[in-house]
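# What the coordinates show
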Amino acid sequence: MRITRVTAYQIDLPLVEGRYSWSNGNFVETFDATVIEVETDAGVSGIGECTPLGPAYLPAYAAGVRAGLKELAPKLIGLDPRDLGTLNRRMDAAMRGHPYVKAPVDVACWDILGKATGQPVWRLLGGAQMERVRLYRAISQQSPDEMAAKVSAYKKEGYTKFQLKVGGEADDDIARIKACAKVLGPGDVLDADANTGWTMHEAARVVNAVRDVDVYIEQPCRSYEECLSVRRRTPLPFILDENIDGLAILQRAIADGAMDAINLKISKVGGLTKARLIRDVAVEAGLAMIIEDTWGGDIVTAAIAHLARSTPEEFLFAATDFNSYGTKDIANGAPKRDPDGFMAVSDQPGLGVEPIREALGKPVFSIGG
Ligand code: MG
């Protein structure tokens, strides 16, 4: 089986809430998604998606996905999409860095491998470790009262885990964490994600002020060293996200005891092949994981669901159902949130999703024979 064609589509994904805001005044109102289709000479094709959280979150941006794919796609023609180790080595040899460009290619090839072998991707990634996947809800940065009201509203939709977007003024963030903790009950879990937005002294003030609150602290500062410094002065459970972008830094962070959990995003690390490796190392090190992506629609949500379902249950902190944050369906068969805050994962071969052609529109480019 050989790759014969790579086609890219651009889709706008508007939000149910209208706007998503996080640290340092950043926000996105319409997400810019890239969906790719990888075709083969065997009549089997696969799909993948990459949707960055704007240009100011990670070293990634939406137009960059398409520019990178245009550069990379000619090098993929003729490769066997089922040989994922070879495919990843060839991508890394052809283009340094840019994991977010390679991620949708890798995911599309996992979709092909699943269809070619008649197996759902979750089985190929390690097999079912749970029936359904537990979800968390990200709470966009607003005033403390507005955020507490959102937590209450999403609790009614079945969620029990909440990630607050903090990383603003320290006093405001202390008020946000305390206001949201008040509306939670037994069994609920709160995570305050600063998305690198605090300087060390601000982070020190916040963790000290909320030391009696049952809350996780996620990625307080920009650099790994700053986060490690904050970690060493708080007993609160600690999550690293933006800094954990590959195996090398994960190994260092494990050696340093730098966190209790990581946030594993498929496009941050370059696709499911590399995410699986990081997931397996994290499990061996006793680290729980939030499994998600930078953002996405139905196809990203499906890829998350397959990786999450094949992760040992006690190490899956939660996953994200990005397709419930947006207003636009781009694929049929994608996981949908159940009323109790879980999502089921398809048993169909591959990712189990079929792109909705009219939602994709006309291709931005198509490379191959
Ligand atoms: Mg995060």
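Treat the numbers as computed from the prediction; the structure is a model and nothing was measured.

## Things to note about the domain arrangement of the protein
When its domains are assigned, the protein resolves into domain 1 (3-120 + 354-368) and domain 2 (123-344). The distance between the C-alpha centroids of domain 1 and domain 2 comes to 23 Å. Each partner contributes residues to the interface: domain 1 has 44 residues there, and domain 2 has 45 residues. Area buried by domain 1 at its contact with domain 2 is led by Tyr20, Tyr57 and Trp110, which between them contribute 17% of it.

## What about the pattern of salt bridges?
Per the stated rule, a full pass over the model turns up 27 salt bridges. With a shortest N-O distance of 3.0 Å, Glu37 and Arg357 are connected by a salt bridge. Here Glu37, found in strand 4 (residues 30-40), pairs with Arg357, found in helix 13 (residues 357-360); they are 320 residues apart in sequence, far enough to count as distant. Assessed through its relative accessible area of 9%, Glu37 is described here as buried. A salt bridge links Arg279 to Asp280; the shortest N-O distance between them is 2.6 Å. A residue is classified by how much of its surface remains accessible, and Arg279, at 1% relative accessible area, is buried.

## Let's talk about the sheet that holds strand 13 (residues 288-292)
In space, the 8 strands of this open sheet follow the order 7-8-9-10-11-12-13-14, with parallel pairing throughout. In this open sheet, the two edge strands, each paired with only one partner strand, are strand 7 (137-139) and strand 14 (316-319). Neighbour-to-neighbour, the strand axes of this sheet turn through a mean angle of 25°, independent of strand direction. With 2 bridges connecting them, strand 10 (residues 216-218) and strand 11 (residues 238-240) associate as parallel partners. What sits directly across from Glu218, in strand 11, is Ile239.

## Here we look at the coordination of the magnesium ion
Donor atoms from the polypeptide that bind the magnesium ion are Asp193 (OD), Glu218 (OE) and Asp241 (OD), placed at 2.1 to 2.3 Å. Sequence positions of the donors to the magnesium ion reduce to the motif D-x24-E-x22-D. Here Glu218 lies in strand 10 and Asp193 lies in strand 9 (residues 189-193), a separation of 25 residues in the sequence. Glu218 carries the same exposure label as Asp193, and that label is buried.

## Section: the sheet that holds strand 4
Taken together, 4 strands build an open sheet; the order of strands is 5-4-1-18 and the sheet is antiparallel. The open sheet has two edge strands, strand 5 (45-50) and strand 18 (365-368), and neither has a second partner. For this sheet, the mean inter-axis angle between neighbouring strands, taken without regard to orientation, is 20°. Strand contacts of helix 3 (residues 99-117): strand 1 (3-14), strand 4 and strand 5, with the helix running at about 150° to strand 5, the strand carrying the most contacts.

## Remarks on the packing of helix 1 (residues 62-76) against helix 2 (residues 84-94)
Packed helices, taken two at a time, are described by the angle their axes make and the gap between the axes. Where helix 1 meets helix 2, the closest approach of the two axes is 10 Å, and the angle between their N-to-C directions is 130°. Our classification of the angle between helix 1 and helix 2 gives oblique. The hand of the helix 1/helix 2 crossing is right-handed. From helix 1, Leu72, Lys75 and Leu76 reach across to helix 2, where they touch Leu87, Met91 and Ala94. Across the contact of helix 1 with helix 2, the residue classes tally to 5 nonpolar, no polar and 1 charged.

## Focus on the environment of Gly270
Among the structural elements, Gly270 can be located in the loop between helix 10 (266-269) and helix 11 (272-284). The exposure class assigned to Gly270 is buried, which follows from its relative accessible area of 2%. Here the alpha-carbon distance between Gly270 and Gly97, two residues 173 residues apart in the chain, equals 8.9 Å.

## Some points on the packing of aromatic side chains
What characterises a pair of aromatic rings is the spacing of the ring centres plus the angle enclosed by the ring planes. With the rule as written, the count across this model stands at 8 aromatic pairs. With a centroid separation of 4.6 Å and 55° between ring planes, the pair formed by Tyr20 and Trp295 is classed as tilted. In this pair, Tyr20 sits in strand 2 (residues 20-21) while Trp295 sits in the loop between strand 13 and helix 12 (298-309), placing the two residues 275 residues apart along the sequence. Among the residues examined, Tyr20 registers a relative accessible area of 7% and is labelled buried. On the basis of relative accessible area, Trp295 is assigned to the buried category, the value being 3%.

## Observations concerning the pairing of strand 12 (residues 261-265)
Within strand 12, 5 of the 5 residues are buried, which leaves it mostly tucked inside the rest of the structure. Note: strand 11 against strand 12, 2 bridges, orientation parallel. Looking at the pairing, Leu240 lines up with Ile262 of strand 12. Read from strand 11 through helix 9 (residues 247-256) to strand 12, the crossover connection turns out right-handed.

Cut-offs and rules
Residues numbered from 1 in each chain as written. Predicted model: local features only at pLDDT ≥ 70, side-chain atom pairs only at ≥ 80, totals over all residues. Heavy atoms only, no water. Domains from an automatic or database assignment. Contact = heavy atoms within 4.5 Å. Buried area = accessible area lost by both parts, 1.4 Å probe. Salt bridge = Lys/Arg side-chain N within 4 Å of Asp/Glu carboxyl O. Helix = DSSP H or I, 4+ residues; strand = E, 2+ residues; numbered from the N terminus. Buried < 20%, exposed > 50% of the residue type's maximum accessible area, 1.4 Å probe, protein only. Pairing = 2+ DSSP bridges. Axes fitted to C-alpha atoms, helices over the stretch in contact; angles between N-to-C directions. Donors = N, O, S within 2.8 Å, 3.2 Å for Na, K, Ca; no water. Parallel < 35°, antiparallel > 145°, perpendicular 65-115°, else oblique. Left-handed = near helix turned anticlockwise from the far one by under 90°. Nonpolar A, V, L, I, M, F, W, Y, C, P; charged D, E, K, R; others polar. Phe/Tyr/Trp six-rings, centres within 6.5 Å; stacked < 30°, edge-to-face > 60°. Right-handed = clockwise from strand over helix to strand, strands pointing away.

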